[in-house]
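Reading the structure
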Amino acid sequence: MTLRLPDPRMERVLLTESQIDAVVGELADQVAADYSGRDPVLVTVLRGGLFFLSDLCRRIDLPLTVDFMAVTSYGPGAAGSVRITKDLDDPVEGRDVLVVEDIIDTGLTLNYLLRVLRQRRPASLAVCTLLDKDVRRLVDLPIVYRGFSVPDRFLVGYGLDLEGQWRELPYVATLKDEIWERG
Ligand code: PRP
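Below you will find a few notes about this structure. (Residues numbered from 1 in each chain as written. Predicted model: local features only at pLDDT ≥ 70, side-chain atom pairs only at ≥ 80, totals over all residues. Heavy atoms only, no water.)

Side note on the sheet that holds strand E1 (residues 10–15)
Strand order in the open sheet formed by three strands is E1-E9-E8, and the pairing between neighbours is antiparallel. Each edge of the sheet is formed by a strand with only one pairing partner; in this case those strands are E1 and strand E8 (155–156). (Pairing = 2+ DSSP bridges. Helix = DSSP H or I, 4+ residues; strand = E, 2+ residues; numbered from the N terminus.)

Side note on the sheet that holds strand E4 (residues 81–86)
In space, the six strands of this open sheet follow the order E4-E3-E2-E5-E6-E7, with mixed pairing throughout. Edge positions in the sheet fall to E4 and strand E7 (143–149), since each has one partner strand and no second. Across the sheet, the mean angle from the axis of one strand to that of its neighbour is 25°, orientation sign disregarded. Here strand E5 (residues 96–104) runs beside strand E6 (residues 124–132); their pairing, made up of eight bridges, is parallel. The partner of Val99 across the bridge, within E6, is Val127. In this fold helix H1 (residues 17–34) packs onto E5, E6 and E7, with an angle of close to 170° to the strand it touches most, E7. Across the sheet, helix H2 (residues 49–57) is in contact with strand E2 (41–46), strand E3 (65–74), E5 and E6; its angle to E2 comes to roughly 155°. (Axes fitted to C-alpha atoms, helices over the stretch in contact; angles between N-to-C directions. Contact = heavy atoms within 4.5 Å.)

Describing the nonpolar core
Grouped together as the largest cluster of nonpolar side chains are 31 residues, with contacts concentrated most on Phe52, Leu56, Leu98, Leu130 and Leu131. Only E1, H1, H2, E5, E6 and E7 provide two or more residues apiece to this core. Broken down by element, this core gets its largest block of residues, seven residues, from H1. With near-sequence residues (within four places) excluded, Leu56 lies in contact with Val24, Leu27, Ala28, Leu42, Val100 and Cys128. Residues Val43, Met69, Val71 and Ile143 belong to the second largest nonpolar core, which totals 20 residues. (Core = buried A, V, L, I, M, F, W, Y, C linked by side-chain atoms within 4.5 Å. Buried < 20%, exposed > 50% of the residue type's maximum accessible area, 1.4 Å probe, protein only.)

Things to note about the state of the cysteines
Under the criterion given, the structure shown has zero disulfides. Of the cysteine sulfurs around Cys128, a residue in no disulfide, the closest is that of Cys57, at 11 Å. On the accessibility criterion, Cys128 (0% relative accessible area) is buried. (Disulfide = S-S within 2.5 Å.)

Structure follows, in structure tokens:
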């Protein structure tokens, strides 16, 4: 059965709910195996990351905690800088920190956050992203866990939004080209 998309601006489903579910399970198993005997803190960047974090953490068979950051980006491209608008609630010194992202695009946001987190002396620091728009990457990042490599298209659903809408969709869809022009 073909899924009916909720809006004519959407083009097609890129990743179905069951594809995402299967990959989230695989990533969770890898994380559980790698962090066996430890209790990592999963950190995500609001708002998009919370949907993946929520599903992932419930599939990881380990004791763990979660914490959240929010950031604002200024300026386009590599010149852009990032400011933290909501910091973590708890210290991460000595903790095994796993940063969980819905998508990595240029990598600039995460590059900045990793620098900030490293200064806080965690026991370890690693990155897990569901989606990797690797063709857009401007900086090298140590991504340990990666769900899907995705094309350079505007994506919505499963945390990704158009002006705040459609984050709650259980799948990832592309927008039609004419709806989206890169700013
Ligand atoms: C997305 C995503 C990353 C960032 C990646 O967040 O969650 O944090 O963009 O982009 P980059 O690799 O080019 O730095 P977004 O800024 O869309 O905010 P949101 O999660 O609130 O939608």
